[in-house]
Amino acid sequence: MDLYIDTANLDEIKQANDLGVLDGVTTNPSLIAKEKTDYAKRLAEICKIVPGPVSAEVIALDYEGMMKEGHAHAKIADNIVVKLPCTVDGLRACKAFSDEGIKTNLTLCFQPLQALMVAKAGAYLVSPFIGRVDDIAEDGMDLILKIRQIYDNYGYETKLLAASIRHTKHLVECALAGADVATVPFNVIQQMLKHPLTDQGLEKFVADYKKAFG
Ligand code: E4P
């Protein structure tokens, strides 16, 4: 499973990238707004740190606006993936960008048929939002399982990117369900190597070594 970080914070991106296992970055307008910096400048900065796919979302809601913004984003760096919403206009823009050879990430996916449609339009990534589905007392993981099944039934090549991940249990379940990618907030990435028994075990190894060998 590929691991992306879901942030526009450069410090977090650098720290995650230093782990040596980071495959890409997802951003969205809210995440970039939080950084209080220029939108395009921040995308360029991220692309310089991480060579893998960096999702850059459009703000426009209409097809023409999406095409204009998407083309501008795509010029920022070779690893930009244009992020579009799972709407009628987003689907049209997805097809047009795919035909041009520009990669897309179709975001705000909340039901399996959105994922089916964007795969038909050649999306590179689809982003079902697990956490936000859980937030409304439904089952985010069920969405992942359904999309996996549909993509496997027909051999769609769109990568299933599990988004809106809130905790490590989501991540374990995504890996078991066969998500191709998980995009993860920095605080959850930090938890991925943690276990109290690892810490206790190490403490004992070091203590025993010191007792025996000084
Ligand atoms: C995905 O690309 C989105 O940026 C993100 O995962 C949304 O997560 P949230 O629901 O925690 O805002």
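Above this text sits the structure in question.
Counting restarts for each chain, with residues numbered from 1 along the sequence as it is written. Owing to the predicted nature of the model, reporting of local features is limited to residues with pLDDT of at least 70; listing and counting of side-chain atom pairs is limited to 80 or more, with chain, interface and lining totals taken over all residues. Excluding hydrogens and water, the side-chain figures rest on all heavy atoms present in the structure.

**Student:** When you look at the pairing of strand S5 (residues 104–109) in this model, what are you seeing that I'm missing?
**Tutor:** Along any regular strand the residues' side chains alternate between the sheet's two faces. The classification of residues rests on relative accessible area computed with a 1.4 Å probe and restricted to protein chains. Under 20% of the type maximum is buried, over 50% is exposed, and intermediate values are partly exposed. Comment: elements are numbered from the N terminus, with helices defined as DSSP H or I runs of at least four residues and strands as E runs of at least two. Across the 6 residues of S5, 5 count as buried, placing the element largely inside the fold. Note: two strands are recorded as paired if DSSP finds a minimum of 2 bridges between them. One ladder, built from 4 bridges, connects strand S4 (residues 80–85) with S5; its direction is parallel. Looking at the pairing, Pro85 lines up with Thr107 of S5. With its strands directed away from the observer, a crossover is right-handed exactly when the path from the first strand over the helix to the second travels clockwise. Handedness of the S4-helix H5 (residues 88–100)-S5 crossover: right-handed. Relative to strand S6 (residues 125–128), S5 runs parallel, the two being bridged by 3 bridges. Within S6, the residue paired with Cys109 across the bridge is Pro128.

**Student:** It is not clear to me how the side chain of Ser164 should be interpreted in this structure. Could you clarify?
**Tutor:** The topology assignment puts Ser164 in the loop between strand S7 (159–162) and helix H9 (168–177). Among the residues examined, Ser164 registers a relative accessible area of 9% and is labelled buried. When residues no more than four places from it in sequence are discounted, the contact partners of Ser164 are Phe129, Ile130, Gly131, Arg132 and His170. The contact criterion used throughout is that any non-hydrogen atoms of two residues lie within 4.5 Å.

**Student:** For this particular structure, what's the right way to read the layout of surface pockets?
**Tutor:** Empty space among the atoms becomes visible once a probe the size of a water molecule is rolled across them. Taken as a whole, the largest pocket encloses approximately 380 Å³ of empty space. Here a cavity denotes grid points, spaced 1 Å and computed from the protein atoms alone, that fit a 1.4 Å probe unable to get out, and a pocket denotes an open set having protein on both sides within 12 Å along at least 5 of 7 lines; residues with an atom within 4 Å of a point are the lining. In terms of lining residues, the largest pocket is bounded by 20 residues, among which Asp6, Asn28, Leu31, Phe129 and Arg132 are the most central. Broken down by secondary-structure element, the contributors of at least two residues to the lining of the largest pocket are helix H2 (29–34) and S5. Lining of the second largest pocket is provided by Leu3, Gln15, Leu19, Val21, Phe186, Ile189, Gln190, Met192, Leu193 and Lys194. Grid points are joined across faces, edges and corners, and a volume is the space filled by probe spheres set on the points.

**Student:** Help me understand the sheet that holds S6 in this model?
**Tutor:** Across a sheet, paired strands are connected by hydrogen bonds in the backbone, their directions being either parallel or antiparallel. Around the barrel, which closes on itself, the 8 strands sit in the order S1-S2-S3-S4-S5-S6-S7-S8 with parallel pairing between neighbours. In this sheet, neighbouring strand axes are inclined to one another by 30° on average, regardless of whether the strands run parallel or antiparallel. Note: strand S1 (residues 2–6) against strand S2 (residues 24–26), 3 bridges, orientation parallel. Looking across to S2, one finds that Tyr4 is bridged to Gly24. Axis definition: a line fit to C-alpha positions, over the contact stretch in the case of helices; interaxial angles, taken between N-to-C directions, run 0 to 180 degrees.

**Student:** Quick question: what am I supposed to make of the site of the ligand here?
**Tutor:** The full set of residues close to the ligand is Asp6, Thr26, Asn28, Lys83, Phe129, Arg132, Ala163, Ser164 and Arg166. Identification of polar contacts relies on pairs of N or O atoms within 3.5 Å, with a donor-acceptor requirement for protein atoms, meaning one able to donate a hydrogen and the other able to accept it, and with residues adjacent in sequence counted only if both atoms are side-chain atoms. One of the side-chain N or O atoms of Lys83 is found 2.6 Å from an oxygen atom in the ligand. For the ligand, an oxygen atom lies 2.7 Å from a polar atom in the side chain of Arg132. When isolated, the ligand has an accessible area of 350 Å², and the protein chains bury 85% of it. The pocket occupied by the ligand, as judged from atoms lying within 2 Å of grid points, is the largest pocket. Of the residues belonging to the shell around the ligand, the class tally is 2 nonpolar, 3 polar and 4 charged. Nearness of a residue to a molecule or strand requires only that one of the residue's heavy atoms be within 4 Å of it. The accessible surface values rely on the Shrake-Rupley method and a 1.4 Å probe; as for residues, cover is taken only from the protein chains in view. Assignment to a cavity or pocket requires that more than half of a molecule's atoms be within 2 Å of the site's grid points. We call Asp, Glu, Lys and Arg charged. Ala, Val, Leu, Ile, Met, Phe, Trp, Tyr, Cys and Pro are nonpolar, and the rest, Gly among them, are polar.

**Student:** What should I look at first to understand helix H11 (residues 196–213) in this one?
**Tutor:** Residues lying three or four places apart along an α-helix face the same way, a consequence of the helix completing one turn every 3.6 residues. Between the first and last residue of a helix there are one fewer steps than residues, each counted as 1.5 Å, and that sum is the expected span. Between the first and last C-alpha of H11 there are 26 Å, a value that for 18 residues agrees with the 26 Å anticipated at 1.5 Å per step. The element H11 is barely covered by neighbouring structure, given that only 0 of its 18 residues are classed as buried. Phi turns positive one or two residues past the end of H11, at Gly214, with a value near 85°.

**Student:** What am I meant to see in the nonpolar core here?
**Tutor:** In a soluble, globular protein the nonpolar side chains are often hidden away together inside. One finds Ile5, Leu84 and Tyr151 to be the most contacted residues of the largest nonpolar core, which totals 60 residues. No other element matches the 6 residues that helix H8 (residues 140–154) contributes to this core. Once residues lying within four places of it in the same chain are set aside, the contact partners of Leu84 are Val58, Met66, Gly90, Ala93, Cys94, Phe97, Thr104, Asn105, Leu106 and Thr107. Working definition of a nonpolar core: buried Ala, Val, Leu, Ile, Met, Phe, Trp, Tyr and Cys residues. They are joined through side-chain atoms within 4.5 Å.

Distances and angles like these do not, on their own, reveal function.
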